[in-house]
Amino acid sequence: MAEAADFPGTSPSPARRWLRRIGALLAGAPLLAGLLQLPALPAHADAATGVKEASDKGSVSVAVDSLSPAVPTDGDTVTVSGTVTNKGKQAVTGAHVDLRVGSALTTRSAIADATGDAEDLSGGYGSEVGGKYVAKFAELTPGVAEPFSISVPVDELDLGDEGVYPLAVSLSGETAARQWDQVLGIERTFLPWQPDGADTATRTTVLWPLVSTVHMTAETGSNASQTPVFLNDDLAEEIAPGGRLDQLLSLGRDLDVTWVIDPDLLASVDAMTGSYRVRADGDTTTAGTHQAVAKKWLAGLQDAVADKEVVALPFADPDLASLAHNGTGVSGSLSQFKAATDVAATTVQTILHVTPSTDFAWPVDGAVDPSIVKVATSAGADKVIARSDSLAETGSLTYTPSAARPIGGGTTAVVADARLSTAFQGDLTNASASTLAVQAFLAQSLALNLQTHKQRSIVVAPQRTPTAAQAQAMAAAVRALQDAGWSQPQNLTAAAEAKPDGSATTKVPSRSSYPSALRRQELPKSAFEQIAATQHTLDSFKVILTDKSRVVTPFGRATNRETSTSWRGRSTGASTFRQGVQSYLDTLTDQVKLIDKSETKLSGRSATIPVTVQNNLVQGVHHLILRLSSSNDTRLEIGGHDFDEQSIEVSGGHSTTVKFTTTANVNGQTTVIAQLYTEDGQVYGAPVTFDVKVTEITATVMLVIGGGVLLLVLAGFRMYTQRKRAAAREAQETQATGDTDDAEDAEDAGTSEDTEEGTAAEAGDAPGTSADTADAEDDAGEESAARSGADDPEQQSDGTADTAAESPAPSGTGERVDR
């Protein structure tokens, strides 16, 4: 049974497991006894282990606050000053600060790696200078910073040939837990060394940017000088003594650099030299008070750039990448960029009295792709400032080539060196950080020069808006570089025109290679659509203005500011600014409007309707058309048609009333619409709609119509009676003729017999004869009267006309119109 349990896949029996454990204990007993008899190791036996543990803790912080001179030469004394701070919980005894020099670094990559490992205790330390060139401390109390300063002749540093040497400043000492001398903290920097000067100096171009954020709004005062309104008073802080822009000005004045200036900054400071206002809470503003500061800063800048090269960016420094990636599909976006470029040179010339170069475009961080290059050159620039981490080398070059690269289409890419350009980013308010940045910059520059004996032109394009501390570090580095023997200054135009290196890459990276981190900061397409809508409103508005410059200039520059690079990382602020521009423009356009009308009543067939246009602007408006249209021209005609138009001109701060002639055909209600148009047919403002009610056709009109009908009836009756009388006369005449013939026959037959009777009869008929004669006279009178009536326009029965004849002319102003 026990043997069966040892087959593979089965468990050993309990008896066998017990025997194995006993055997293992017996076999290990001698080894355990030997270990117990070994002597204990001293605490300091493994110094390397102690150093590793100290590295993990990093108990002491070493800060190199200054290194002078930054670029030593033969005979110089190098002074290193700084502080050491015990960050641990135990005091450090026997502490001392040493200088250590390593072997020369032969590549730029090695320098970059060492820069990132400045405080790493696990790295190499280099050879200790030692001797009297040590700063000693009896004890370092936890949390207390102690200053140090060590000065050593450069000859004691044992530097060899020219090159970049690592210089480490280390703090060594003991703690209660580790009672042996050990390195507890270190700071590494670089010592550029070129005692004999360079065979070929590198031509170095340093861009010195004067760029700020957006400060001015589109709003201006209604006075003749159009007092500008600022978003805030931040610009005053920047140009005040000690401010960021003041530091850039005072530091750059003494440097051989190329000034790169945003014209919007100049325009904003220039606006501050006069009366200006600053937006406070809500819609309120307060008077600006920094005119003297603005005048002083501008005067200083004019003096500083008098004999220097000045490159003008497009007005407000438009975000070329955002425009290329999200704006080109929106109508008018490229036109905005062209306008920003066109106004740049004029602004700089007017304010600084120098002629700037406008041939350069500068995308954010020098990151380019084909679409960015296309947009950058669309406004006339033929040179694009790129950076070597975007337009990277893909060939087998063993050195950094010159900046100029032809990239096709007559365009030159001026490729700034990425390591030199990014040397001063980050927080440099700490003196130690600033010193390390300066020494790293100089180390990279010397290493670049030592790559080859070929003459090259190198460009340094730092961040657009360096802080005051970053500017101070940049200035210190440029001053040291100008004194160094391996570099000589050169302006940007010369660098762009330098002969390009035939082996350098000229292929612009694809759009997909554009850094995603930068793409996330771009203005969205909706921003450009909103800008286009604002421009459309402005285009319609300026047509009617008698003094277009009062509106076109401030709003044109505000539109440029909406695309500024300074909005990167500030999407909420960018959106708020765009909305503010549109809102203020809408406020201005609403100052020219139609006055609302209530229901209008017409109590006549023909009347006029007044419509009032109000202009609350300070300037007059013209080139406006007011159209009044009827929704039912069968019921109400305006100007004889369904609508009528009149040209409008209104002085500033006034209103005008225009009257339209209307004709009512039928009683009832009709809707009428008043609408303003520009002369090119564009709708301007909101329409005014009101109802017109025709209440009655007037009594005069009714009398005229009734009189006409009565005349027709009377004329018909007269014709009837005339015909009837004529028929009666004809019958009487026929009868009278027959009686006369009978009487003559009777007279001829019995003349003799009836002489007495006939005589008697004639005597008796005398009265009858008189009556016939009267009747005949009456008939003759009636006929004469009838003939007279035919020629006389008025019958005897007609009285004076009830209604005067209707005038064809329109009613007088306001006649028969109730509002």
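Note: the structure precedes this text.
Scoring rules and cut-offs
- Residues numbered from 1 in each chain as written.
- Predicted model: local features only at pLDDT ≥ 70, side-chain atom pairs only at ≥ 80, totals over all residues.
- Heavy atoms only, no water.
- Axes fitted to C-alpha atoms, helices over the stretch in contact; angles between N-to-C directions.
- Helix = DSSP H or I, 4+ residues; strand = E, 2+ residues; numbered from the N terminus.
- Parallel < 35°, antiparallel > 145°, perpendicular 65-115°, else oblique.
- Left-handed = near helix turned anticlockwise from the far one by under 90°.
- Contact = heavy atoms within 4.5 Å.
- Nonpolar A, V, L, I, M, F, W, Y, C, P; charged D, E, K, R; others polar.
- Patch = residues over 30% accessible without salt bridge, like charges linked within 9 Å, V, L, I, M, F, W, Y side chains within 5 Å.
- Areas by Shrake-Rupley, 256 points an atom, 1.4 Å probe, with all protein chains shown as cover.
- Salt bridge = Lys/Arg side-chain N within 4 Å of Asp/Glu carboxyl O.
- Buried < 20%, exposed > 50% of the residue type's maximum accessible area, 1.4 Å probe, protein only.
- Pairing = 2+ DSSP bridges.

> Would you mind going over the packing of helix α6 (residues 263-272) against helix α9 (residues 333-352) with me for this structure?
In contact at an axis separation of 9 Å, α6 and α9 are set at 45° when each is read in the N-to-C sense. One finds that α6 runs oblique with respect to α9. The two elements α6 and α9 cross, and the hand of that crossing is left-handed. In this structure, α6 uses Pro 263, Leu 266, Ala 267 and Asp 270 to contact α9, whose residues at the interface are Ala 344, Thr 347, Val 348, Ile 351 and Leu 352. Grouping the amino acids of the contact of α6 with α9 by side-chain chemistry returns seven nonpolar, one polar and one charged.

> When you look at a nonpolar patch on the surface in this model, what are you seeing that I'm missing?
A grouping of Val 709, Leu 710, Leu 711, Val 713 and Leu 714 is seen on the molecular surface, where their side chains present a nonpolar patch of about 440 Å² in accessible area. Since its relative accessible area comes to 49%, Leu 710 is described here as partly exposed.

> Explanation requested: unusual backbone geometry in the structure shown.
What you tend to see is this: most non-glycine residues have negative phi, and most peptide bonds are trans. Backbone torsion omega between Ser 68 and Pro 69 reads -5°, so that peptide bond is classified as cis. Considering the arrangement of structural elements, one finds Pro 69 in the loop between β1 (60-68) and β2 (77-86). Of note in the backbone geometry, Asp 317 takes a positive phi value of approximately 50° without being a glycine. In this structure, Asp 317 sits in the loop between β15 (310-312) and α8 (320-327).

> Explain the sheet that holds strand β28 (residues 654-664) to me, please; I cannot follow it from the model alone.
Two orientations exist for strands paired in a sheet by backbone hydrogen bonds: parallel and antiparallel. Reading across from one edge, β22-β24-β28-β26 is the order of the four strands in this open sheet, with antiparallel pairing throughout. At either margin of the open sheet sits one strand with a lone partner, and together these are β22 (592-594) and β26 (636-638). Going from strand to strand, the sheet's axes swing by 30° on average, the running direction of each strand aside. Two strands pair when backbone bridges link them, and strand β24 (residues 606-615) and β28 are joined in this way by ten bridges, in the antiparallel orientation. Note that in β28 the partner of Ala 607 across the bridge is Thr 662.

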